[in-house]
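# Commentary on secondary and tertiary structure
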Amino acid sequence: MTITELAKEAGVSIATVSRFLNNGPVKEETRKKLEALVLKQNFVPSKISKEIINGQGKSIAVLTHSFSNLYTAEFSEAVVNLCGERKMTCYTGCCSGVESEYNYLLDFVSRKINGVILHEPKDGEAQLKLYERIAGRMPLVWIHSIPIDIEVNSISVNQEKGMKLAMEYLMELGHKKIAYVTGQKGYSYTLKQTIWQEELTKTGYPPAPGDLITVERTDFIDGIKTTKEAVSAYLAAGNRPTAIFCANDIMAMGTINALTEAGLRVPDDVSIMSHDNTVLADSMNLTCVDMKIKSVAIAAMDLLDYAMNGTDKTPRHITITPELVIRDSCRKLN
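The sections below set out a description of the structure shown in this document.

Our next topic: the packing of helix H10 (residues 223–236) against helix H11 (residues 249–261). Between H10 and H11, the least distance of the axes is 7 Å, while the angle of their chain directions is 45°. One way to sum up the angle between H10 and H11 is to call them oblique. Here H10 and H11 pass one another in a crossing that is right-handed. Across from Gly-223, Ile-224, Thr-227, Lys-228, Val-231, Ser-232 and Leu-235 in H10, the residues of H11 making contact are Ile-250, Met-251, Met-253, Gly-254, Thr-255, Asn-257, Ala-258, Leu-259 and Glu-261. Split into classes, the residues belonging to the contact of H10 with H11 amount to eight nonpolar, six polar and two charged.

Structure below.
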């Protein structure tokens, strides 16, 4: 079906069809009629057909490790929306481990995807070499937790600054007994733990070993349950911190559930601060380190566009500055 035939069947002008296909101003009634016809006839404009045939239409992929983690889900959604605005196709993949990640990347290369965004990829030595080899075959952007010596375009958030802002704020409120809820391993978790220990030690109140609460499966939604169990055990042992810092919003929800079950109120009895600032933090009214999800997505798309279109092959690194979002989950001690 041609544009002329589409216009004739819809009873509108060719100019109206053209505006519709280019997201121009069209009456809502007309737009719905044309959308129904396009779906019914499987209409593909000739311009798009030529781009597909000639390989002119750009397609990228986002590869992450969890869609049940709201941070990665919100990041992936932001990239997909940006691709829509930029007339690009976006594929998403969720890898469960190193082998899955490897297979995805090889598949992207074989399909001649124009570029890939890796969100929190694995950072073992073998994987780093793989990423560098892949980057030699197609544009690639690495998000967060960046090894210093890897030759790949990358975006990171200054999590050291964010954690220092968090600790300074809690200590300004008078908190000295601050527990830290974290995952089992990972660059971000370790960095936050180091700063938590350093900042409290500098003030003369080093944390007790028991104030470090380690939780399993923190990047998945069932981390709410595992966090609740770990924090409940911590409280049952007689620990009573005045504040708890949680390394992500999933752990914050589990922590609040444990406190509620123990009959403790936030922030009257225990202040809570979280990290990431997903929609979950907003819904729980949590004071939070904002990881600037949308800003990271925009920077990733801009950097990938540079890598896909530029002749300069030198890897670039962009650092995003986090902010502290003050809500009602922390209180000043008397």
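The structure having been displayed, the exposition proceeds.
What follows deals with empty space enclosed by the protein. Over the atoms rolls a probe the size of a water molecule, and in doing so it shows where empty space is left. Summed over all chains, the structure comprises two cavities of 30 Å³ or more. Considering only enclosed or pocket space, the second largest cavity measures out at about 40 Å³ in volume. Forming the boundary of the second largest cavity are Asn-69, Leu-70, Tyr-71, Asn-248, Asp-249, Ile-250, Asp-276, Thr-278 and Leu-280. Only helix H5 (70–85) and H11 provide two or more residues apiece to the lining of the second largest cavity. In the lining of the second largest cavity, the residues fall into four nonpolar, three polar and two charged.

What follows deals with the environment of Leu-333. Tracing the backbone shows Leu-333 in the segment after strand E12 (323–325). Sequence separation between Leu-333 and His-175 is 158 residues, and the spatial gap between their C-alpha atoms is 7.0 Å. Among all residues touching Leu-333, those that are not within four sequence positions of it are Leu-173, Gly-174, His-175 and Thr-242.

If you trace the backbone, Gln-159 turns up in helix H8 (residues 159–172). On a C-alpha basis, the gap between Gln-159 and Val-289 in space is 8.9 Å, while along the polypeptide they are 130 residues apart. Every residue in contact with Gln-159, bar those within four places of it in the chain, is listed here: Ser-188, Leu-191, Lys-192, His-275 and Met-291. Only 3.2 Å separates the side chain of Gln-159 from the side chain of Lys-192, close enough to count as a polar contact.

Consider a sheet: its strands pair through backbone hydrogen bonds, and that pairing is either parallel or antiparallel. Read from one edge of the open sheet, six strands run E2-E1-E3-E4-E5-E11, paired in parallel fashion. Each of the sheet's edge strands pairs with one partner strand only, and the pair in question is strand E2 (89–94) and strand E11 (317–320). Neighbouring strand axes in the sheet, compared pairwise and without regard to direction, differ in orientation by 15° on average. Bridging between strand E1 (residues 59–64) and E2 involves six bridges; their strand directions are parallel. Across the sheet, residue Leu-63 finds its bridge partner in E2, namely Gly-93. The sheet strands contacting H5 are E1, E2, strand E3 (115–119) and strand E4 (140–143), and the helix crosses E1 at an angle near 175°. Against the sheet, helix H13 (residues 293–309) engages E1, E3, E4, strand E5 (153–157) and E11, with an angle of about 165° to E5.

What follows deals with helix H6 (residues 98–110). Between its first and last C-alpha atoms H6 spans 19 Å; for 13 residues at 1.5 Å apiece the expected length is 18 Å, and the two agree. Those residues of H6 lying buried are Glu-101, Leu-105, Phe-108 and Val-109. Projection of H6 onto a plane perpendicular to its axis shows the buried side chains occupying an angular sector of 100°, all on one side. Seen from the buried face of H6, the exposed residues on the opposite side, beyond 90 degrees, are Glu-99 and Ser-110. Lys-112 occupies a position one or two residues after H6 and carries a positive phi of about 60°.

So, about the packing of H8 against helix H9 (residues 187–202). In contact at an axis separation of 9 Å, H8 and H9 are set at 35° when each is read in the N-to-C sense. Considering only the axes of H8 and H9, their crossing is right-handed. Between H8 and H9, the residues in contact are Gln-159, Glu-160, Met-163, Lys-164, Met-167 and Met-171 and Ser-188, Leu-191, Lys-192, Ile-195, Trp-196, Glu-199 and Leu-200, respectively. Among the residues making up the contact of H8 with H9, the classes are represented as seven nonpolar, two polar and four charged.

Moving on: the environment of Lys-192. If you trace the backbone, Lys-192 turns up in helix H9. Its relative accessible area of 2% is what places Lys-192 among the buried residues. It is 6.1 Å that separates the C-alpha atoms of Lys-192 and Met-163, two residues lying 29 residues apart in sequence.

Summed over all chains, the structure comprises 10 salt bridges. We note a salt bridge from Arg-86 to Asp-302, for which the minimum N-O separation is 2.9 Å. Here the residue Arg-86 occupies a position in the loop between H5 and E2, and Asp-302 occupies one in helix H13, the gap between them amounting to 216 residues. Judged by its relative accessible area of 31%, Arg-86 falls in the partly exposed class. A salt bridge links Lys-292 to Glu-323; the nearest nitrogen and oxygen atoms lie 3.1 Å apart. Here Glu-323 lies in strand E12 and Lys-292 lies in the loop between strand E10 (287–290) and H13, a separation of 31 residues in the sequence. In this structure Glu-323 comes out as partly exposed when scored by relative accessible area, which is 44%.

Rules used in this analysis
Residues numbered from 1 in each chain as written. Predicted model: local features only at pLDDT ≥ 70, side-chain atom pairs only at ≥ 80, totals over all residues. Heavy atoms only, no water. Axes fitted to C-alpha atoms, helices over the stretch in contact; angles between N-to-C directions. Helix = DSSP H or I, 4+ residues; strand = E, 2+ residues; numbered from the N terminus. Parallel < 35°, antiparallel > 145°, perpendicular 65-115°, else oblique. Left-handed = near helix turned anticlockwise from the far one by under 90°. Contact = heavy atoms within 4.5 Å. Nonpolar A, V, L, I, M, F, W, Y, C, P; charged D, E, K, R; others polar. 1 Å grid on protein atoms, 1.4 Å probe; cavity = no way out; pocket = protein on both sides within 12 Å on 5 of 7 lines; lining within 4 Å. Points joined across faces, edges and corners; volume = space filled by probe spheres on them. Polar contact = N/O pair within 3.5 Å; in protein donor to acceptor, adjacent residues only side chain to side chain. Pairing = 2+ DSSP bridges. Expected span 1.5 Å × (residues − 1). Buried < 20%, exposed > 50% of the residue type's maximum accessible area, 1.4 Å probe, protein only. Arc of directions from axis to C-beta. Salt bridge = Lys/Arg side-chain N within 4 Å of Asp/Glu carboxyl O.

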